[in-house]
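# Secondary and tertiary structure notes
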Number of protein chains: 2
Amino acid sequence: MTSEADLGPRLSRRLAYLLKRAMVDLDTLHEQHLRPFGITARELAVLLFLDGREPESQQQAAAHLGVDRTTMVGLLDALEGKDLVARRPDVEDRRRNVIVLTDTGQATLRKAMRASDAAERQLLAELDDREAAQLRELLKRVTSGRA
Amino acid sequence: MTSEADLGPRLSRRLAYLLKRAMVDLDTLHEQHLRPFGITARELAVLLFLDGREPESQQQAAAHLGVDRTTMVGLLDALEGKDLVARRPDVEDRRRNVIVLTDTGQATLRKAMRASDAAERQLLAELDDREAAQLRELLKRVTSGRA
DNA sequence: ATTGATCGTCAGTAGAACTGACGATCAGCG
DNA sequence: CGCTGATCGTCAGTTCTACTGACGATCAAT
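The structure displayed is predicted, hence computed values, not measured ones.

Once that is clear, we can look at the protein's contact with DNA strand C. Within the structure, DNA strand C sits among 18 residues, and Q58, Q59 and T70 of chain A together with D68 and R94 of chain B are positioned closest to it. Elements that contribute at least two residues to the surface near DNA strand C include exactly α4 (58-65) and α5 (69-81) of chain A together with α5 (69-81) of chain B. If you tally residues by element for the surface near DNA strand C, the top one is α5 of chain A, at 4 residues. Looking at the surface near DNA strand C residue by residue, the classes come out as 3 nonpolar, 7 polar and 8 charged.

On to the nonpolar core. Among the nonpolar cores identified, the biggest contains 76 residues, and L19 and A45 of chain A together with L19 of chain B are the most heavily contacted of them. For L19 of chain A, the residues in contact, after removing those within four places along its chain, are L19, A22, M23, L26 and L139 of chain B.

Let us now look at the interface of chain B and chain A. Each partner contributes residues to the interface: chain B has 50 residues there, and chain A has 49 residues. Contributions of two or more residues to the side of chain B that touches chain A are made by α1 (4-12), α2 (15-34), α3 (41-50), α6 (103-123) and α7 (129-144) of chain B. If you tally residues by element for the side of chain B that touches chain A, the top one is α2 of chain B, at 12 residues. Split by residue class, the side of chain B that touches chain A holds 24 nonpolar, 11 polar and 15 charged.

Residues and elements named next belong to chain B. Spatial strand order, β1-β3-β2: 3 strands in an open sheet with antiparallel pairing. Bordering the open sheet on either side are β1 (56-57) and β2 (85-89), each of which pairs with just one other strand. As paired elements, β1 and strand β3 (residues 97-101) share 2 bridges and run antiparallel to each other. Within β3, the residue paired with S57 across the bridge is V98.

Below, the discussion takes up the protein's contact with DNA strand D. In the neighbourhood of DNA strand D, 18 residues make up the surrounding shell, with D68 and R94 of chain A together with S57, Q58 and Q59 of chain B lying closest. Secondary-structure elements contributing two or more residues to the surface near DNA strand D are α5 of chain A together with α4 (58-65) and α5 of chain B. When residues of the surface near DNA strand D are assigned to their parent elements, the largest contribution, 4 residues, is made by α5 of chain B. Taken together, the residues that form the surface near DNA strand D break down as 3 nonpolar, 7 polar and 8 charged.

A word on the sheet that holds strand β3 (residues 97-101) of chain A. Spatially, β1-β3-β2 (chain A) is the arrangement adopted by the 3 strands of the open sheet, whose pairing is antiparallel. Each edge of the sheet is formed by a strand with only one pairing partner; in this case those strands are β1 (56-57) and β2 (85-89) of chain A.

Next up on the list: α3 of chain B. Residue and element names in this part refer to chain B. For α3, a buried count of 9 out of 10 residues is recorded, marking the element as mostly surrounded by other parts of the structure. Of all the positions in α3, only A41, E43, L44, A45, V46, L47, L48, F49 and L50 are classed as buried. Once α3 ends, the next one or two residues include G52, with phi positive near 75°.

Parameters and conventions
Think of each chain on its own: its residues are numbered from 1, step by step along the sequence as written. Naming scheme: in the order in which they are written, chains are lettered from A and ligands are numbered from 1. Reporting of local features is limited, given that this is a predicted model, to residues whose pLDDT is at least 70; pairs of side-chain atoms are given and counted only at 80 or more, and all residues count toward the totals for whole chains, interfaces and linings. By convention here, the C-beta atom is placed from the backbone, and a residue is near a molecule or strand when that atom is within 6 Å of it. Segments assigned H or I by DSSP are reported as helices when at least four residues long, segments assigned E as strands when at least two residues long, and all are numbered from the N terminus. Here the nonpolar group is Ala, Val, Leu, Ile, Met, Phe, Trp, Tyr, Cys and Pro; Asp, Glu, Lys and Arg are the charged ones; every other residue, Gly included, is treated as polar. We call a set of buried Ala, Val, Leu, Ile, Met, Phe, Trp, Tyr and Cys residues a nonpolar core when their C-beta atoms link them within 7 Å. In this scheme every C-beta is placed from the backbone, and a residue whose C-beta has 20 or more other C-beta atoms within 10 Å is buried, one with 12 or fewer is exposed, and one in between is partly exposed. The contact criterion used here is simple: two residues whose C-beta atoms, placed from the backbone, lie within 7 Å are in contact. Two strands qualify as a pair provided that DSSP identifies no fewer than 2 bridges between them.

Following this line, the structure appears as structure tokens:
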């Protein structure tokens with residue numbers, strides 16, 4: 001792949017380049033580490049989001065996760081097919097589905113999160129703990145500014 | 001859009017979330033700031049790459065930029081259509097095109113780079129200069145580790 | 001009861017990137 | 001020289017993803 005020295009300093013210091021690069025690398029690492037659990041990083045994000053929340057409708061969950069409502073259908077189809085989440089009719093509003101984690105989903109979430117932690121650690125292998133926390137904090141402030 | 005508080009701390013601290021969020025935001029900002037120049041962030045990256053390098057073939061440039069050779073064709077078609085780059089036959093190897101910046105391309109590059117700088121500044125508005133440099137440095141070390 | 005909006009779903013579409021192939025050209029080898 | 005295999009830029013076709021628009025079902029408001 002691209003080695004930073006080949007690009008000269010100009011492009012390799014642009015934020016867009018650095019961010020994309022980090023994201024692609026993290027995607028690759030996640031793919032490797034999550035393969036044993038048969039889920040993608042994105043599906044893990046859904047599981048993580050559903051856990052520790054009051055049950056929510058598909059569309060609420062979609063909005064919070066920033067994905068289109070029609071995309072969420074397929075995402076949940078996949079997760080439901082793996083028995084990780086369940087759609088249950090909302091008793092208060094029968095248009096809605098309430099999405100809940102199954103027991104299998106809970107267990108998979110716990111294990112997959114450890115794998116994801118490992119992927120993150122591998123991405124940040126060059127940094128010590130203090131620097132890793134610093135990077136996380138800076139990114140958090142950057143994104144939270146725009147809510 | 002998604003407000004960080006809504007997600008709870010779990011998802012909003014994951015690196016994948018933070019990186020993607022930052023990238024999407026930066027993309028949006030780039031789109032706004034680059035609109036006057038009629039180029040995308042990606043095209044700017046190509047211009048920036050071509051500038052300050054010995055003229056190179058399409059495929060070499062594509063490899064360095066990490067895009068597919070067939071994708072580079074369309075990318076250059078667009079840039080050539082805007083008179084920002086020119087394909088010239090390589091005298092030493094007539095299979096190849098040498099890609100060069102036109103004068104217009106040079107001028108556009110300079111102006112667009114200032115716009116891109118502004119986009120980056122806006123993305124990092126929450127950080128002071130020292131922190132912004134720190135973030136850049138940490139990201140650089142993260143990515144350069146994997147060359 | 002009627003109107004307008006929202007829910008989940010699905011078909012169709014649009015865009016981006018890749019695969020595989022093509023003619024043209026090059027390098028190596030006899 | 002001539003042949004063979006590889007590389008260059010290009011293009012057609014495929015794949016993948018996300019979106020638009022529509023649908024029946026359901027809700028809320030009047």
